[in-house]
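# Commentary on secondary and tertiary structure
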Number of protein chains: 2
Amino acid sequence: MSSETIYVELTDWIKRVHALGTVGELLGWDEQVNLPPGAAEQRAGQQAALAGAQHAAASDPRLGEWLTALEKNVAALSDDQRAVVKNARRDYDRATKLPAEFVRDKAVQSSRGYHAWAKARAADDFAGYAPVLAQNLDFAKREAVYLGWQGREYDYMIDQFDPGMTAAVIGRLFAELKGELVPLVRQIAASPVKPQAGALKGFPVEGQLAFLREVTERIGFDYARGRIDVSLHPFCTGTGSDVRMTTRFSVDEPLRSLFGAIHETGHGMYEQGLPASQLGTALGINAGMAVHESQSRLWENQVGRSRGFWRFFEPRFRALFPTQTAAISSDELYLAINTVAPTLIRVESDEVTYNLHIILRFELEKKLFTGELAVKDLPAAWRAAAQELLGLTPPNDREGVLQDVHWSGGAFGYFPSYCLGNMLAAQLWYRALALRPALEEEFARGDFTWLLGWLRENIHTQGRRFDALTLARRVTGEELSPRHLVRYLRERYGPLYGGKLEG
Amino acid sequence: MSSETIYVELTDWIKRVHALGTVGELLGWDEQVNLPPGAAEQRAGQQAALAGAQHAAASDPRLGEWLTALEKNVAALSDDQRAVVKNARRDYDRATKLPAEFVRDKAVQSSRGYHAWAKARAADDFAGYAPVLAQNLDFAKREAVYLGWQGREYDYMIDQFDPGMTAAVIGRLFAELKGELVPLVRQIAASPVKPQAGALKGFPVEGQLAFLREVTERIGFDYARGRIDVSLHPFCTGTGSDVRMTTRFSVDEPLRSLFGAIHETGHGMYEQGLPASQLGTALGINAGMAVHESQSRLWENQVGRSRGFWRFFEPRFRALFPTQTAAISSDELYLAINTVAPTLIRVESDEVTYNLHIILRFELEKKLFTGELAVKDLPAAWRAAAQELLGLTPPNDREGVLQDVHWSGGAFGYFPSYCLGNMLAAQLWYRALALRPALEEEFARGDFTWLLGWLRENIHTQGRRFDALTLARRVTGEELSPRHLVRYLRERYGPLYGGKLEG
């Protein structure tokens, strides 16, 4: 067979494996949105059967043969084809290098970890959870070794979520960011300007849904190729022409569901922008979680919290909720939209302090993997870091080290993506502004098409051709750096909280 | 390995294959209920990938080895295990005896057939469709031969939907039924009693949904293990603890959506009643389409159209829709519920004439397979049979041979199930009445628990241990016969349409 024929066989098969993966995602969505309460066990059986079928397809020996044949003659491949083969090799190794017994044990451990964490969190009992967490860490390290990352175990974990990213790069970026951010947050916290908490009350769900739908459609979510539903925990899943977002409503927190939905819309538009004919190959999947998060954060923060955005949407918001908004001025509304207040809980934090929560987790994760920090010493280390970074000390572990689900299932290395995404979002934003200085005025007219078009061309349609660092360099003309994020936060929050907010 | 060990391996694998099948059903449900309009092609790719994975699992050589080993020592198996092995062999043969090329070509042909039919129906152009239908027939016959049914091709088609059923048995049953039913329909048609068409108008969808939900829950659908949604074509899918029904509403036809939902509830309760731990093996799947239809029809007709049922539900119906029901008397409502009026269209027909529509299709299908009837002569044969059976001649093929979708996709042998189900429903009904003479009085008190319990024990929990004929014999103490259906129709419609309705 010619390289071209083998390449077609390979990509056909990859697309098939990917399609099975998207079926699993749909089952997950259905579980959150539609599943009858008594069907959980049956659904677990369906997911297990599907995972088995997907693994069988992903580890098919023919894949290995096609890859080996193509890798022998890389010169015959185009750049795009090389990117596809490289990513396919990565996936194939992950599907085949782990012993079946290890995979089974890890799945059991992951489930055990989740339940141990839920129990420990409820009882504020880290000591009861520590041995299970230590086992999670051990499984993660062993997995890295199976895949050939001995000595770089934490990098392996990071690479799973962000291909090409390393702890060394993140460490450098985060150290720089931390130096700027900690004083900035202190300044805002010390500001006499305080957003009016709880000023927005009694927003009926139907009205919220109508507004949210208008906003997300206007900024560019394609409802012919996606939908939005209600679930307990908002998320976005699916890809290509079937992207499904979820949200939840609280009548006294209209901004929370709105910004949650704008965030998910950013994720959703990225997935809708991948090339339909290539779904599953490196040309048709997202570049990783950092880039994904850059898309959700850009729309949520740089766009959704901008003056221009609200010049267009505020009148519509007031028209839909005339009584609920009667007592709040435009400036007060804008300040409510841009509330900054350090909190112990990551998922409740604002866009400024959020980054400090991530830096905290990264520093601890990294030390767990190097062995500098023992699992049993995590609570104390967490408290110290929270005090250093946020100026707050958690009164218990529930509001400290036990607050996040991630580690309980073995997802180490995921947290950094959130902050890397924030950095990239700001960097993309200033590049966009340099190319299109009138962007915010366009927003004020309800026109978001240029920005989406630019992201489509430069990010979405690129798939996974490039890793996050390369993509940042190509699109913005410079290396990924935290200084754009710092600049953005100063420019946005300085005028609101008094003064220039120097670092 | 011992027989017991092999048996466990076999059933674990079967359950896994079945779980993949239920995932495919869920995708189908999602397509009708949730799919964004632009996602059809992507969904087709997911279904194809899943079908490929399921086929790979269903034709896994280990299955064949386990089956051969168990079949060599049948004496070591219990009756239940024998039933499981027999059904597993049937499935395995179907998964492995068809050449991959044939399966692929047939899928293409099936899709081609559907589109040719849709086009022909719109244009009332049977001639344009005839060659494609002839190819469908040819594929069906070839498939039967691959599976070893040469000379019994139509029996093969029937057996796909109703394991163990044959054209000879159906022919005998239908001939007897036809002799009774044709004169009965003529008598009703000639009756001066005429239901008031269109007396029920302006029923808001929300109220219909509330009533339908109350009715279906009261008769026994478990909403903790199922749900109901809206789709263009009502159906019921899923099994065990995740059964999903759909319905559709028309403000001027409240009885249509109600009886559609009761019908689907009958299907749904059957699936909810299968033993959860055995889903997929012969102990945990339905016995075939005839038995399935007996469950939907029993609840829809014998129960749902009974006086007792309406003694309980009529006050609730009127309370929900006071203005819409003000002008209609109880007798008029009951007559509307039991309207009989011959029509050319099967899906619009009442429960009496419905059977004649099925007999018509069976007689033609049978002749298509024996070669007594050529595809090109179908329209004329249809017209003659419609005149003989219904006393009506279709003015065109759209209202004749082109009205049903089934044959276009190659589903020959499916139609008889509907009428066999009606027969079995009536036979079960009289057996239930013999055991529990006060049944209708219990309905009048809103109590349907005895009947559901009896069906659970005698039908639902039996799975596919027995074929339809054996099941009928075991549960009712006699061979399946049309005379119960005839008796039921006379008893129900005689008093309504004047006289005893003698055959």
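Residues numbered from 1 in each chain as written. Chains lettered and ligands numbered in written order. Predicted model: local features only at pLDDT ≥ 70, side-chain atom pairs only at ≥ 80, totals over all residues.

## Quick notes on the relation of the copies chain A and chain B
- Mapping chain A onto chain B is achieved by rotating through 180 degrees and translating by 0.0 Å along the same axis, at an RMSD of 0.0 Å. Read as a symmetry element, the transformation amounts to a two-fold axis. Measuring from the rotation axis to each C-alpha of chain A, the shortest distance belongs to Ala53(A), at 2.9 Å. (Least-squares fit on C-alpha atoms with pLDDT ≥ 70 in both.)

## Digging into the sheet that holds strand β1 (residues 226–230) of chain A
Residue and element names in this part refer to chain A.
- Ordered in space as β1-β3-β2, the three strands form an open sheet in which the pairing is mixed. Each edge of the open sheet carries a strand with a single partner, namely β1 and β2 (236–239). Neighbour-to-neighbour, the strand axes of this sheet turn through a mean angle of 15 degrees, independent of strand direction.
- Contacts from helix α1 (residues 3–33) reach β1, β2 and β3 (242–247), with the element oriented near 150 degrees to β2. (Pairing = 2+ DSSP bridges. Helix = DSSP H or I, 4+ residues; strand = E, 2+ residues; numbered from the N terminus. Axes fitted to C-alpha atoms, helices over the stretch in contact; angles between N-to-C directions. Contact = placed C-beta atoms within 7 Å.)

## Details of the sheet that holds strand β3 (residues 242–247) of chain B
All names here are of chain B.
- A sheet is described by the order of its strands in space; here three strands give the open sequence β1-β3-β2, paired in mixed fashion. In the strand order of this sheet, the two ends are held by β1 (226–230) and β2 (236–239), each with one partner. Pairs of neighbouring strands in the sheet enclose a mean axial angle of 15 degrees, with direction left out of account.
- Pairing of β2 with β3, which is carried by four bridges, proceeds in the antiparallel orientation. Of the residues in β3, the one forming a bridge with Thr237 is Arg244.
- Each of β1, β2 and β3 touches helix α1 (residues 3–33); the most contacted strand, β2, lies at about 150 degrees to it.
- Strand contacts of helix α10 (residues 254–272): β1, β2 and β3, with the helix running at about 170 degrees to β3, the strand carrying the most contacts.

## As for unusual backbone geometry
- The phi dihedral of Asp124(A) is positive, around 50 degrees, even though this residue is not glycine.
- Residue class for Asp124(A) comes out partly exposed when judged on the 14 C-beta atoms lying within 10 Å of it. (Buried ≥ 20, exposed ≤ 12 C-beta atoms within 10 Å, placed from the backbone.)

## Re the interface of chain A and chain B
- Listed by partner, the interface residues are 32 residues for chain A and 32 residues for chain B.
- Counting only elements with at least two residues in the side of chain A that touches chain B, the list comes to α1, α2 (40–58) and β1 of chain A.
- Here the element with the most residues in the side of chain A that touches chain B is α2(A); it accounts for ten residues.
- Of the residues belonging to the side of chain A that touches chain B, the class tally is 16 nonpolar, ten polar and six charged. (Nonpolar A, V, L, I, M, F, W, Y, C, P; charged D, E, K, R; others polar.)

## Comments concerning the packing of helix α8 (residues 167–190) of chain A against helix α21 (residues 483–497) of chain A
All names here are of chain A.
- As a packed pair, α8 and α21 sit with axes 11 Å apart at the nearest point and diverge in direction by 10 degrees. Regarding the angle of α8 to α21, the classification is roughly parallel. In contact with Leu177, Glu180, Leu181, Leu184 and Ile188 of α8, α21 contributes Leu485, Val486, Leu489, Arg490, Tyr493 and Tyr497.
- When the residues that make up the contact of α8 with α21 are grouped by side-chain class, the tally is nine nonpolar, no polar and two charged. (Parallel < 35°, antiparallel > 145°, perpendicular 65-115°, else oblique.)

## Looking at the environment of Gly308(B)
Residue and element names in this part refer to chain B.
- Within the element layout of this structure, Gly308 appears in helix α12 (residues 307–320).
- Distance in space between the C-alpha atoms of Gly308 and Glu440 is 4.8 Å, their sequence separation being 132 residues.
- The residues touching Gly308, leaving out its near neighbours within four places in the chain, are Glu440, Glu441, Phe443 and Ala444.

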